[in-house]
Amino acid sequence: MILPHLDAAYNLARWLTGHDQDAQDVVQEASLRAFRAFDGFYGENGRAWLLTIVRNTAYNLLQKNKSLRQTTPFDEELHGNAGASECATPLSLLRGAEDEQNLRAAVEALPDEFREALVLRHQDGLSYREIALIAGVPTGTVMSRLARARARLKDFLAKGNREEEAS
Amino acid sequence: MRNCDETRQWLDAYLDNELDPVNTLEIEQHLQTCPACSQAYEELRALGAALSTVPRYPTPAALRERIHSALLGEASAEAQTIPFAPAARPSWRWVTALAAMLVLGAMLAGALLFSRHQPADPNQMLAREVIASHIRSLMVSHLADVASTDQHTVKPWFDGKLNFAPPVVDFARNGFPLVGGRLDYLTDGPIAAVVYRRDKHVINLFVRPATGTEQGKFPKTASRQGYNCLSWIQAGTRYWAVSDLTPAELQQFMEIVRRSTPS
C-alpha cells in the first residue's frame, strides 16, 4: 500500500521541500498518517492517495518554516515572458535541456504548484485527473498550470542560452 | 479547421495525451499544415522529453528502512487492538474512546491505589479492574455485546474475537440464566465477560487463560464498593465472578460453574 510508492513519495517531497532532511521527515510522517488512515481509504488509486498526503504534509511543513526559510518569490521580470519565445528554437532549447543540472535548477525555480504538476506528470507519469486529485484542483487548472510551467521553462532555458552566447 | 491560437491553447493537453479523439485529430491536421505551430509543438515535445529523463531523487535507504520498521510496529499495534473492535473493520473513533476510557480507568485505579497506600499486588489490581469493569458494564448500559440466553449464540460470537474460547453454559436451571457476552480489556490483555443473572442481580463472569505467573491460594475473594469478586483457576483458565450478590451466593455460582467445566 505504502512501500511500493515510496520512491514517488520521496521524490515529490524532495522537490516540494527542496531539502533532503525535510523530505525524509515529510515522507515518514505522511506514511504513518496514510497507514493510520488506511481504514478511511476506499478508493482504488493508492498512489494518488499517498501522494496527496505527502503533498499536504509538505505544504504544512513549508508553511511552518516560512518565516525561517529564505524564500525566492517568482520574479515575473526575471523569468517572465519578456519576448524570449521567438528566439527559442528546438536546437537551442535542447542545448539547455541537455544539461540535467540546468533543467533541474530551472524546475526548482518554478512556483510550487507548477513544480508539483511537472514532477507528477513527467516523473510519475500521472494523468491530469490524478494530478487534479492530488493538488485538489479541477483538471482544467492542471492543464493550464502545466502549459504555463512549460512556457516558463522554455523562456528560462532560452534566456540561459542567450546569455551563454553573449558572454 | 482550427486556427493557431486555438491550437496553441490545446498543445500541452495534446502532448500529454489528454485530448479526446476528435480534438486530437483536429490538432494533428492543423500541425500538418502550419509550420509555426508545428515548430512550437516540436519545442514542447523536446522539453517534455528532457523533463521525463530527469531522474527522480533517489530514496535514501535509511528512510526506507525506517518507514518499513515503523509500519511493522504500527501493524502489530493494530493487530492487538482489532479484537476489541465491534466489527471486522475497527473504527478508530471507537478505539480512541476505548483508550480514553482505559486511561481514565487506570487513573482512577492509580488514584485509589495511592490514596490507600496499598502495595501493588497483581491479584488485587486485577480484582479491582474486573470490579471496575463490572460497574462500567452496568453504568453505560453496555452489559452485553451479544445479548442472548442461548449459549449456542453467545459462544460462537466470541470466535475470532479472542485468541481463546471461553466456556459459555446457560445455568438457568440452577437459577443463573445466561444474559449474553461482552468483550472487555484488562491492563494485560483482552478478556471475555459472560453475563449471568440471579433474580435482578447481574453477574459478570470474566474469563481468560491463566498466565502461569498467578500464584497463591485460590479461590481469592475481594470486595469493593458493595461488589464482591470471587476468582479461581480451573483447567488453565482464570475466572472472576463479580456481582452485588452475597459472598455465599457467589460461592454457589462458582461451584455451579466449576462443576460444568471438566477439570
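Let us look at the overall build of chain B. Per the secondary structure count, chain B includes eight helices and seven strands. Sorting the 263 residues of chain B into buried and exposed places 41% on the buried side. Put simply, of all contacts in chain B between residues at least 6 apart along the chain, 56% involve residues at least 24 apart. Counting only carbon and sulfur atoms, one obtains 58% of the accessible surface of chain B, whose full area is about 14,200 Å².

Attention now moves to a nonpolar patch on the surface. Residue and element names in this part refer to chain B. Together, Val103, Leu104 and Met107 line one region of the surface with nonpolar side chains, adding up to about 320 Å² of accessible area. With respect to the helices, strands and loops of the structure, Met107 is situated in helix H5 (residues 92-116). Since its relative accessible area comes to 55%, Met107 is described here as exposed.

Okay, the nonpolar core next. Membership of the largest hydrophobic core comes to 66 residues, with the highest contact counts inside it found for Val27, Leu51, Val54 and Leu153 of chain A. Setting aside residues no more than four positions away along its own chain, Leu153 of chain A makes contact with Ala106, Val107, Leu110 and Leu118 of chain A together with Leu47 and Leu51 of chain B. By size, the runner-up hydrophobic cluster in this structure holds 27 residues, among which are Leu162, Phe171, Trp232 and Leu245 of chain B.

On to the side chain of Arg150 of chain A, then. When you line up the elements, Arg150 of chain A lands in helix H9 (residues 139-166). A polar atom in the side chain of Arg150 of chain A sits 2.8 Å from the side chain of Asp12 of chain B. Here Arg150 of chain A is in contact with Leu118, Arg121 and His122 of chain A together with Asp12, Leu15, Asp16, Leu44 and Leu47 of chain B, once residues within four sequence places are set aside.

Procedures and definitions
- Residues numbered from 1 in each chain as written.
- Chains lettered and ligands numbered in written order.
- Predicted model: local features only at pLDDT ≥ 70, side-chain atom pairs only at ≥ 80, totals over all residues.
- Heavy atoms only, no water.
- Helix = DSSP H or I, 4+ residues; strand = E, 2+ residues; numbered from the N terminus.
- Buried < 20%, exposed > 50% of the residue type's maximum accessible area, 1.4 Å probe, protein only.
- Contact = heavy atoms within 4.5 Å.
- Areas by Shrake-Rupley, 256 points an atom, 1.4 Å probe, with all protein chains shown as cover.
- Patch = residues over 30% accessible without salt bridge, like charges linked within 9 Å, V, L, I, M, F, W, Y side chains within 5 Å.
- Salt bridge = Lys/Arg side-chain N within 4 Å of Asp/Glu carboxyl O.
- Core = buried A, V, L, I, M, F, W, Y, C linked by side-chain atoms within 4.5 Å.
- Polar contact = N/O pair within 3.5 Å; in protein donor to acceptor, adjacent residues only side chain to side chain.

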